[in-house]
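Chain by chain, the residues run as shown.
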Amino acid sequence: MSDKTCTILFVGDVVGGLGKRTLLGLLPSLRERVAYDFLVVNGENIAGGVGITPKLADQLFSAGVDVITLGNHTYRQREIYAYLDEREEILRPANFLKRQPGHGWCVVQRGDVRLGVVSLSGNLFMDAGRPLFAEADAAVHALRERADHVLVDLHGEATSEKVAMGWHLDGRVTAVVGTHTHVPTADARVLPGGTAYITDVGMTGPRGGVIGVRRELAIQAMATKMPVRFETSEEDPWLNAVAITTAAEPRRAASIEQLLMPAAAAA
Ligand SMILES: [Fe+2]
Ligand SMILES: [Fe+2]
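No experiment lies behind these values; they were computed from the predicted model shown.

Where do I start with the overall build of the chain in this structure?
Helices and strands together make up the secondary structure of the chain, namely six helices and 13 strands. For the chain, the C-alpha radius of gyration of 17 Å lies close to 18 Å, the compact-globule estimate for 267 residues. Across its three principal axes, the chain shows a C-alpha extent of roughly 55 × 45 × 35 Å. Long-range contacts, defined as pairs at least 24 residues apart, comprise 65% of the intrachain contacts of the chain with a sequence gap of at least 6. If you sum the accessible surface of the chain, you get close to 11200 Å²; carbon and sulfur atoms cover 53% of it. Within the chain, the 31 negative side-chain charges are centred at a point lying 3 Å from the centre of the 27 positive side-chain charges.

Looking at this structure, how should I read the coordination of the iron ion (ligand 1)?
Expected angles at a metal are 109.5 degrees for tetrahedral coordination by four donors and either 90 or 180 degrees for octahedral coordination by six donors. Distances from the iron ion (ligand 1) to its protein donors, Asp13 (OD), Glu44 (OE), Asn45 (OD1) and His182 (NE2), fall at 2.0 to 2.2 Å. One can describe the site at the iron ion (ligand 1) as irregular: its four donor atoms subtend angles covering 88 to 165° at the metal. Motif for the iron ion (ligand 1), donor spacing along one chain: D-x30-E-N-x136-H. Here the iron ion (ligand 1) and the iron ion (ligand 2) are spaced 3.3 Å apart, and both take glutamate 44 as a donor. Taken together, the residues glutamate 44 in the loop between β2 (38-42) and α2 (54-62) and histidine 182 in the loop between β8 (175-179) and β9 (189-190) connect sequence positions 138 residues apart. For histidine 182, a relative accessible area of 7% translates into the label buried.

Explain the coordination of the iron ion (ligand 2) here, please?
Binding of the iron ion (ligand 2) to the protein goes through Glu44 (OE), Asn72 (OD1), His155 (NE2) and His180 (ND1), at separations of 2.1 to 2.2 Å. Between the four donor atoms coordinating the iron ion (ligand 2), the angles at the centre fall across 88 to 152°, so the site counts as irregular. Here the donor residues of the iron ion (ligand 2) are spaced in sequence according to E-x27-N-x82-H-x24-H.

Teacher, can you tell me more about the sheet that holds strand β7 (residues 149-155) here?
Backbone hydrogen bonds are what pair the strands of a sheet, in a parallel or an antiparallel way. Reading across from one edge, β5-β6-β7-β8-β10-β9 is the order of the six strands in this open sheet, with mixed pairing throughout. Of all strands in the sheet, those with a lone pairing partner are β5 (105-110) and β9, marking the two edges. Pairing geometry for β8 and strand β10 (residues 196-198), over three bridges, is parallel. Of the residues in β10, the one forming a bridge with valine 176 is tyrosine 197. Sheet contacts for helix α4 (residues 132-143): β5, β6 (113-121) and β7; angle to β6, the most-contacted strand, approximately 165°. Of the strands in this sheet, β7, β8, β9 and β10 touch helix α5 (residues 159-169), which is tilted by about 170° from β8.

In this structure, what is going on with the environment of glycine 16? I would like to understand it.
On the secondary structure map, glycine 16 appears in helix α1 (residues 16-34). Along the backbone, glycine 16 and valine 118 are 102 residues apart, and their C-alpha atoms lie at a distance of 23 Å. Ignoring anything within four residues of it in the chain, the contact list for glycine 16 reads Asn45, Ile46, Gly48 and Gly49.

Honestly, the packing of aromatic side chains in this entry has me stumped. Any pointers?
Where two aromatic rings form a pair, the distance of their centres and the angle of their planes describe that pair. For the coordinates displayed, the defined rule picks out two aromatic pairs. Ring centres of tyrosine 75 and tyrosine 81 lie 5.5 Å apart, and the angle between their planes is 90°; this geometry places the pair in the edge-to-face category. Note on tyrosine 75: relative accessible area 18%, which makes it buried. When the centroid spacing of 5.9 Å and the interplanar angle of 40° are considered together, the rings of tyrosine 75 and phenylalanine 96 count as tilted. With tyrosine 75 in the loop between β3 (67-69) and α3 (81-86) and phenylalanine 96 in the loop between β4 (90-91) and β5, the pair connects residues that are 21 residues apart, well separated along the chain. Accessibility expressed as a relative area gives 6% for phenylalanine 96, which makes it buried. Three or more aromatic residues joined by ring pairs form one cluster here, namely Tyr75, Tyr81 and Phe96. Seen from the ring of phenylalanine 61, arginine 87 lies directly overhead, with NZ or CZ sitting 3.9 Å from the centre.

In this structure, what is going on with α1? I would like to understand it.
By the largest-angle criterion, leucine 27 marks the main kink of α1, which is about 45°, and a proline, proline 28, follows within four residues. Where α1 is concerned, the buried positions are Gly16, Leu18, Gly19, Lys20, Thr22, Leu23, Leu26, Leu27, Leu30 and Val34. As for α1, its buried residues are in contact with β1 (7-11), β2, α2, β11 (205-206), β12 (237-246) and β13 (253-262). Backbone geometry just after α1 places alanine 35 at a positive phi near 50°.

Definitions and limits used
Note on numbering: residues in each chain are counted from 1, in written sequence order. Ligands are numbered from 1 and chains lettered from A, in the order in which they are written. It should be noted that, the model being predicted, local features are given only for residues of pLDDT at least 70 and side-chain atom pairs only at 80 or more, the latter also being counted only at that level, while totals for whole chains, interfaces and linings use all residues. By convention in this description, side-chain values take in all heavy atoms of the structure and omit both hydrogens and water. The helix and strand labels rest on DSSP assignments: H or I over at least four residues marks a helix, E over at least two residues marks a strand, and numbering proceeds from the N terminus. Every radius of gyration here is taken over C-alpha atoms, with the globule rule written as 2.2 Å times N^0.38, N being the number of residues. Only heavy atoms matter for contacts: two residues are in contact if any of them lie within 4.5 Å across the pair. Calculation of accessible area relied on Shrake-Rupley with a 1.4 Å probe; when residues are assessed, cover is drawn exclusively from the protein chains displayed. Only four residue types enter the tally: Lys and Arg on the positive side, Asp and Glu on the negative side; His and the chain ends are excluded. Here the site of a charge means NZ on Lys, CZ on Arg, CG on Asp, or CD on Glu. Donor atoms (N, O, S) are those found within 2.8 Å of the metal centre, with the cutoff raised to 3.2 Å for Na, K and Ca; water is not part of the atom list, so apparent gaps in a site can occur. Any site counts as irregular unless it has four donors with all angles between 85 and 135 degrees, making it tetrahedral, or four or six donors with opposite ones more than 155 degrees apart and the rest between 65 and 115, making it square planar or octahedral. A simple rule labels every residue: compare its accessible area, found with a 1.4 Å probe on the protein chains alone, to the largest value its type can have, and call it buried under 20%, exposed over 50%, or partly exposed in between. By the convention used here, strands pair only if DSSP detects at least 2 bridges between them. Axis lines are fitted to C-alpha atoms, over the contacting stretch for helices. Their N-to-C directions set the angle, which ranges from 0 to 180 degrees. The rule is short: rings of Phe, Tyr and Trp, with Trp giving its six-membered ring, pair when the centres are within 6.5 Å, and they are stacked under 30 degrees, edge-to-face over 60, tilted in between. A ring has a charge above it when a Lys NZ or an Arg CZ is no more than 6 Å from the ring centre and no more than 35 degrees off the ring normal. To obtain the bend at a residue, axes are fitted to the seven residues ending there and to the seven starting there, and the angle between these axes is taken.

Written out as C-alpha cells, the structure is:
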C-alpha cells in the first residue's frame, strides 16, 4: 500500500445476533473476494436490534473490524456510554450534542495509509442536536492533515439530505455512504469530483422482516395503531455492504462496488 491506495469494506447496519452471525460467517469469503484493507461496520442495531454493548463491540473488533459507526440507536444500551468515551474506534454521530457520550471521528492506520472515518446523523426526520453540514465541514477540516483517505457514514432518513451531502463533500473525501433506512439503493457511483457515493448501503440482517423487525409484529403495529413489542426477524439473512477502492491521490475513490450477499453464501 506504499502508494496510499487501499480498499475499504463498509458494512450496513448489522441487525441483532443473526446480523452478527451473518457478517462473521461471510467475512472469510469477503476477504477473498474484496481483499479489503479496512473494515468499517455500522453497529447501531447489533444488540437485539437496538444499540450496542461493550461485549458486542469487542466481538466485532476481535473479528477484524477497524471502526464501528453508530446512529440514532447509539444510546439504547447504557453500558456502552463509558466505552464510547474510552475506545477511539467506535463512533457516534459527530453532530450529536458535545455533552453526549462519545466522539464522531477517528483515524486508523494500516501500513502507511491513514483512514479517517466520520459518523454523522441527518437532521431531517432525525434527532441530532447540532447541524449536519457545519459539522461535516468541521470534521473534514480536522482530518485534512491527519488522514490520507476519509470515509463518511451519513446515518439519515431523508434521501435528499444524503444526496446533498454527497455533492457537498464531492472532491473533499474518499467516500460518503448512507445508512439507517436498512434498504440498499441502486445509485452507487463515483461522483465527478472523485468521491464514492451511495444513498444507502442497506442492512446486514433479516430480509424477511420489516427493516429488521418480525414482519407480523411490524404489520400489527401499523394496522392496529396499538403498541407492539418488537422482536428482530430471523428470516432470510443477507449482508449488504460496499467495497470502495481508493485512487492513489488522497481523498479520492477509484470505484465503489455494491455487495449484496445471502448468508447462505458463507457455506
Ligand atoms: Fe439501523
Ligand atoms: Fe438508524
